[in-house]
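Read off the chains here:
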Amino acid sequence: MTDSASSYQLTLTDSFTRSLACAAISPGLRSILLFDTTPEVLRLTADILTQMVAIVTGHPVVSVTLGTWEAEDDLWGRLGLSGDSGEQSFDWKPGLLTAGQNPSDLRLVIIPDLTKLSLASARACVTLLGADVAHLERHGQQEFWQPNLCWLAGCASDQVGMVSPHLLDRFALRLSGQVEKTRDRVAEILEWIDLSPSPSTNKNSSLLLSPVRGEREGWRGEPDFSFETLRQPLQNALHLRPTITAEATARILDYTSILEMFSPRREIALGRLALASARLEGVAEMRVKDVDAAACLMGLKPIPQQTEDVSTESAEPVTPPIDQPETGEDKSTTTSLDSNLPEPATVREPVYESDEPEFLPLTHLPFNTTPVNPYPEDEAPVEREAASLQLPSRRFRSRAKAYGAIIGVEKAKTLQDLALVRTLLEAAKFQGIRQQSTGNGHQGLIVSPTDLHSYRRAPVAEQMLMLLLDHTCLRDCQWQDELLPYLSWAYVERASVCLIQVGAENARHELRAQKIMAQSILVPSISAGIEAGWGKATPLAHGLELALQTLRHALQHGRSTVHQAVLVVISDGRGNVPLAASRLGQITPPVGRKGVEDALQVAERIRGLDNVKVVLLNPQPKQYQDLPLELANVMGAAVVSIPPLPEMEVE
Amino acid sequence: MDIEGNAPKTVVIEKSAIQILPYTLIVGQHQIKLALELAYIAPRIGGVLLSGHRGTGKSTAVRAFAQMMYGCLPVTLPINATEDRVVGGWKIDELMKSKPVPQAGLLEDANGGLLYIDEVNLLDDHIVNIILDVTSTGVLVVQREGQSQQKPVSFTLVGTMNPEEGGLRPQLIDRFGLMVSVTAETDEAKRTKILQTVLEFDQAVSQIKAGESSAYINDALEKDQKHRELLEKARQTFYQVEVPVNVAKNCVRLAGGFQAEGNRGDYMIALAARAYAALKGEKQVTNEHVATVARLALQHRRPGVLQSNQMPWRDQDNQLVQEILSGD
């Protein structure tokens, strides 16, 4: 695209573009994780990457998207009806990930949200991402090949604890996909309102929706990127093989911690990025400054104890000049055209202005491309189940079996939940022989019991354990021992767990209770939540209201699979925050007994729920001893007394 | 591989154009290499489990070893495998033409060689059961899809896994004669060497893909060839290495001292020590050989380990090995 008024010139001085260009020329970097991005930015990135890889390889790149539902057959291939009227009625249909068996068959796999990836997809990613060789051994098919896939995934950095580190570790390049708000939002909106809808049928137009489109100052015409300035550097880089200085290799180690989370893949990724960056520069040697520039691209900072020579190194100009977000590092070396930066006065003076302003393309993508921490999984709280990539255990008591998401098919053991298409395809394999053996001119499809296949489904919880924990009453009693049987029950029954924290020390808002949901008791955030310290306020009424809402939703809404819930309340009944104060987020004295009365009122509504067994573990407070019993009575709860802590004699 | 130590038959997967880092270029990871080599020299070891940190080159080491020894990739059982490919079935294309042509499964393909399971802890329980049946009896029984047959099969089971993603069932752990608890190399010189190797290998692969030859790869393949000859020689001399009675007694004492589960701990130590002696070109197994392999044979058989899937081996354990061997 040469029309400057309608094209957006990509340039290697932009760090985001440069990172993608490095991935394009270096197959070892073609697994990119974008943090905190939007679907639009992800699509835009996919589009840019697709074009770059196509320039490098000379072959078109096909993109596929992995989401929440793909099963193994979708990913690896299946037998399917051929659609031909020929002799062979069905044939092998390749899966989404089995491409790449020849160099011209390159695919870009887009994962919009890594935290919501289906189990089958996550398992497939672990075996394919960065692998030397892929193997397919399914349904009579036997193949092995070198995977020829590019990976682009999005993930919220504050949810990274939901993803297996085993999977995360395989993403070599970590970038931030946040869009910088560099313009006046009001002006943007006014501009969009006046913008007439384009009759464009450009395939890319859907990728360029706001906010990215809005960031492009002066854009009026066909949305597209121009790769003209990139084509030559990308193609030149392919033939370059710079030597690597010993100092540069040593410098890479300065950026990697060898603590518990150490993964050699991180050093290798930085090495590859620095080398690719040097190749794009067209230099004959990869030096320390190339490593530093590559580290900047990923937001890596030298590990303090390993950085004796940082001052001397950073004194060197870091080439190539790369636009950096405001990280405070090497600002003098960047050539950003970011409109956040104050413009020199001389630029403001219009020397000449044409009748129709000519809009020049920006040379800066509006992304804050450098993640604050490219490896947030090292610090993120673990929110996934233990062994999250293993196939789930199968434990169903009732009809709930037919509610879990389909994760595959298996030989049927009963006639429930049959996978009809798979069953018929299995039968079809043997039709020729079966027709011969019956020899009675039977024309229909002969199905044998051994053909029957049923769906394999992800487990769904049929029970729920709800814990309402008033942290402010726990200090003087042995509550853990009394709680343990209920936690064990939740484990044995594979129950889902809802923890409602009342008065926890780390509450986001001290006047409100907060809820933590988990698929099972093994999710670490539950045990961390139970062990939380105590705060000052006791928003018991709000906690009970949260419990009521959650129970109603779990038991009565939509295709709910929860049949029974056990609500365990540990509280002394001394709520000191009225419900209205929790809702408003501010308290208006005097409070009086309002907090307690509100709690009793909500508790009475819990009593009306069917299939909920309520237990109150009484911490036996020394004052207001009747309050917990009153609360239990209103809720219709069984009462279990918690023994007090043995008194310590102080000499 | 048979008991007599005859050369293994060619494994089914043909030599491919897929570039795997040559075995002799692998930096560090001495324990991984040792375990794989011992299992080759003494096939009755039965299997090697490599369990450890992310990105430590476990899979690369196994593939590189198979490339070096067999000239091809190992027979691999991926976690996506269906039952018909594991135990065998029919060729679908032929079946469609009403011709029933049996298709061997992976267990049969691996007979006499190496069966590699990447991410072995992510394998479906149903497939694990099949493998356990075959490895414990040495017979593959097929009773499905109209097939009814029994075939003797024997292979070296090699599994790699990351324990962060869950453990293995005790019965399966027991099938692995040796186990390596893999950790990342933290020595700065080795880390540097690893980096250099990976970047140089990347460059060599791009050269080969561009139709050029790579002296870097060719040199490494020559070294691989020499190493292969060394291992083959060790395999041939394995049965000529003498195991003195006192060394055998020490193997029993070691298994007892570490309270090894099952009856195979002492036998595995002796087998591995003999293979190690053969590798070193010695004529007799010594206590030093036993000490070198004790950890590989014992760490996954200690009480409590099978439940927790933690395989700690501390300096005190090495000390205990020395004490037991010195008769203290």
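Note: the structure precedes this text.
Just so you know, these numbers come straight off a predicted model, no measurement behind them.

**Re the overall build of chain A**
Inference 1: Counting secondary structure elements, chain A contains 21 helices and 23 strands.
Inference 2: Counting only residues that meet the buried cut, chain A has 52% of its 651 residues in that class.
Inference 3: Restricting the contact set of chain A to residue pairs at least 6 apart, pairs at least 24 apart contribute 78%.
Inference 4: For chain A, the exposed surface amounts to about 30300 Å²; the carbon and sulfur share of it is 52%.

**What about the overall build of chain B?**
Inference 1: When its secondary structure is counted, chain B shows 14 helices and nine strands.
Inference 2: Expected size for 328 residues packed as a compact globule is a radius of gyration near 20 Å; at 20 Å, chain B falls within 12% of this value.
Inference 3: On the principal axes, the C-alpha backbone points of chain B span a range of 70 × 50 × 40 Å.
Inference 4: Of the contacts formed within chain B by residues at least 6 apart in sequence, a portion of 77% connects residues at least 24 apart.
Inference 5: Accessible area of chain B: about 13500 Å², with a carbon and sulfur share of 48%.
Inference 6: Averaging the coordinates of the 34 positive side-chain charges in chain B and doing the same for the 39 negative ones gives two points 3 Å apart.

**Remarks on the interface of chain A and chain B**
Frequently, the measure chosen for interface size is the accessible area that the parts lose on association.
Inference 1: Taken residue by residue, the interface counts 63 residues in chain A and 59 residues in chain B.
Inference 2: Buried surface at the junction of chain A and chain B, both sides included, amounts to about 5300 Å², of which 57% is carbon and sulfur.
Inference 3: Here chain A and chain B share seven salt bridges between them.
Inference 4: In this structure, B:Asp202 and A:Arg272 form a salt bridge, with 2.6 Å as the shortest nitrogen-oxygen distance.
Inference 5: It is helix α10 (residues 264–281) of chain A that provides the largest number of residues to the side of chain A that touches chain B, a total of eight residues.
Inference 6: Its residues placed into classes, the side of chain A that touches chain B shows 25 nonpolar, 20 polar and 18 charged.

**Comments concerning the packing of helix α1 (residues 30–41) of chain B against helix α9 (residues 215–237) of chain B**
All names here are of chain B.
Inference 1: Relative to each other, α1 and α9 sit at 45 degrees, their axes nearing to 8 Å. Put simply, α1 runs oblique to α9. Contacts from Glu37, Tyr40 and Ile41 of α1 reach α9 at His227, Leu231, Glu232, Ala234 and Arg235.
Inference 2: Among the residues making up the contact of α1 with α9, the classes are represented as four nonpolar, one polar and three charged.

**Focus on the sheet that holds strand β21 (residues 564–570) of chain A**
Adjacent strands of a sheet pair through backbone hydrogen bonds, lying either parallel or antiparallel.
Residue and element names in this part refer to chain A.
Inference 1: Sheet architecture is open: six strands sit in the order β20-β19-β18-β21-β22-β23, paired in mixed fashion. Each end of this open sheet is capped by a strand with a single partner; those strands are β20 (514–518) and β23 (638–641). Averaged over all neighbouring strand pairs, the angle between strand axes comes to 20 degrees, with direction disregarded.
Inference 2: One ladder, built from seven bridges, connects strand β18 (residues 463–470) with strand β19 (residues 496–502); its direction is parallel.

**Some remarks on helix α8 (residues 228–238) of chain A**
All names here are of chain A.
Inference 1: All of the buried residues in α8 are Leu230, Pro233, Leu234 and Ala237. Buried residues along α8 cover an arc of 100 degrees about the axis, so they all sit on one side.
Inference 2: Buried-residue contacts for α8 involve α1 (15–25), α2 (39–57) and α10.

**Examining the state of the cysteines**
Inference 1: Evaluation of the coordinates by the stated rule reveals zero disulfides over all chains.
Inference 2: Here A:Cys125 stays free of any disulfide, with the sulfur of A:Cys155 as its closest cysteine sulfur at 13 Å.

**Description of the environment of B:Gly265**
Residues and elements named next belong to chain B.
Inference 1: Relative to the helices and strands, glycine 265 resides in helix α11 (residues 265–279).
Inference 2: The class of glycine 265 is buried, set by a relative accessible area of 1%.
Inference 3: Leaving out residues up to four positions away in the same chain, glycine 265 has contacts with Ala255 and Arg301.

**Describing the packing of aromatic side chains**
Inference 1: For the coordinates displayed, the defined rule picks out five aromatic pairs over all chains.
Inference 2: Judged by centre distance (5.1 Å) and plane angle (10 degrees), the rings of B:Phe258 and B:Trp313 are stacked. Here B:Trp313 lies in the loop between α13 (305–308) and α14 (315–325) and B:Phe258 lies in the loop between α10 (245–257) and α11, a separation of 55 residues in the sequence.
Inference 3: A relative accessible area of 3% means that B:Phe258 is categorised as buried.
Inference 4: Members of the aromatic cluster, connected to one another through ring pairs, are B:Tyr23, B:Tyr40, B:Phe65 and B:Tyr70.
Inference 5: In this structure, A:Arg266 packs its charged tip against the face of A:Tyr375, placed 3.9 Å from the ring centre.
Inference 6: The ring of A:Tyr491 has A:Arg494 lying over it, and the distance from NZ or CZ to the ring centre is 5.0 Å.

**As for the sheet that holds strand β1 (residues 47–52) of chain B**
Residues and elements named next belong to chain B.
Inference 1: Strand order in the open sheet formed by five strands is β2-β5-β8-β1-β9, and the pairing between neighbours is parallel. Across the chains shown, the open sheet's two edge strands, defined by having one partner strand only, are β2 (75–76) and β9 (178–182).
Inference 2: Relative to strand β8 (residues 156–161), strand β5 (residues 114–118) is paired through five bridges, and the arrangement is parallel. Within β8, the position partnered with leucine 114 by the bridge is threonine 156.

**Details of a nonpolar patch on the surface**
Inference 1: On the surface, A:Val186, A:Ile189, A:Leu190 and A:Ile193 cluster together into a nonpolar patch covering about 390 Å² of accessible area.
Inference 2: Note that A:Leu190 resides in helix α6 (residues 185–194).

Cut-offs applied
Residues numbered from 1 in each chain as written. Chains lettered and ligands numbered in written order. Predicted model: local features only at pLDDT ≥ 70, side-chain atom pairs only at ≥ 80, totals over all residues. Heavy atoms only, no water. Helix = DSSP H or I, 4+ residues; strand = E, 2+ residues; numbered from the N terminus. Buried < 20%, exposed > 50% of the residue type's maximum accessible area, 1.4 Å probe, protein only. Contact = heavy atoms within 4.5 Å. Areas by Shrake-Rupley, 256 points an atom, 1.4 Å probe, with all protein chains shown as cover. Rg over C-alpha atoms; globule rule 2.2 N^0.38 Å. Lys, Arg positive; Asp, Glu negative; His and termini not counted. Charge placed at Lys NZ, Arg CZ, Asp CG, Glu CD. Buried area = accessible area lost by both parts, 1.4 Å probe. Salt bridge = Lys/Arg side-chain N within 4 Å of Asp/Glu carboxyl O. Nonpolar A, V, L, I, M, F, W, Y, C, P; charged D, E, K, R; others polar. Axes fitted to C-alpha atoms, helices over the stretch in contact; angles between N-to-C directions. Parallel < 35°, antiparallel > 145°, perpendicular 65-115°, else oblique. Pairing = 2+ DSSP bridges. Arc of directions from axis to C-beta. Disulfide = S-S within 2.5 Å. Phe/Tyr/Trp six-rings, centres within 6.5 Å; stacked < 30°, edge-to-face > 60°. Lys NZ or Arg CZ within 6 Å of the ring centre and 35° of its normal. Patch = residues over 30% accessible without salt bridge, like charges linked within 9 Å, V, L, I, M, F, W, Y side chains within 5 Å.

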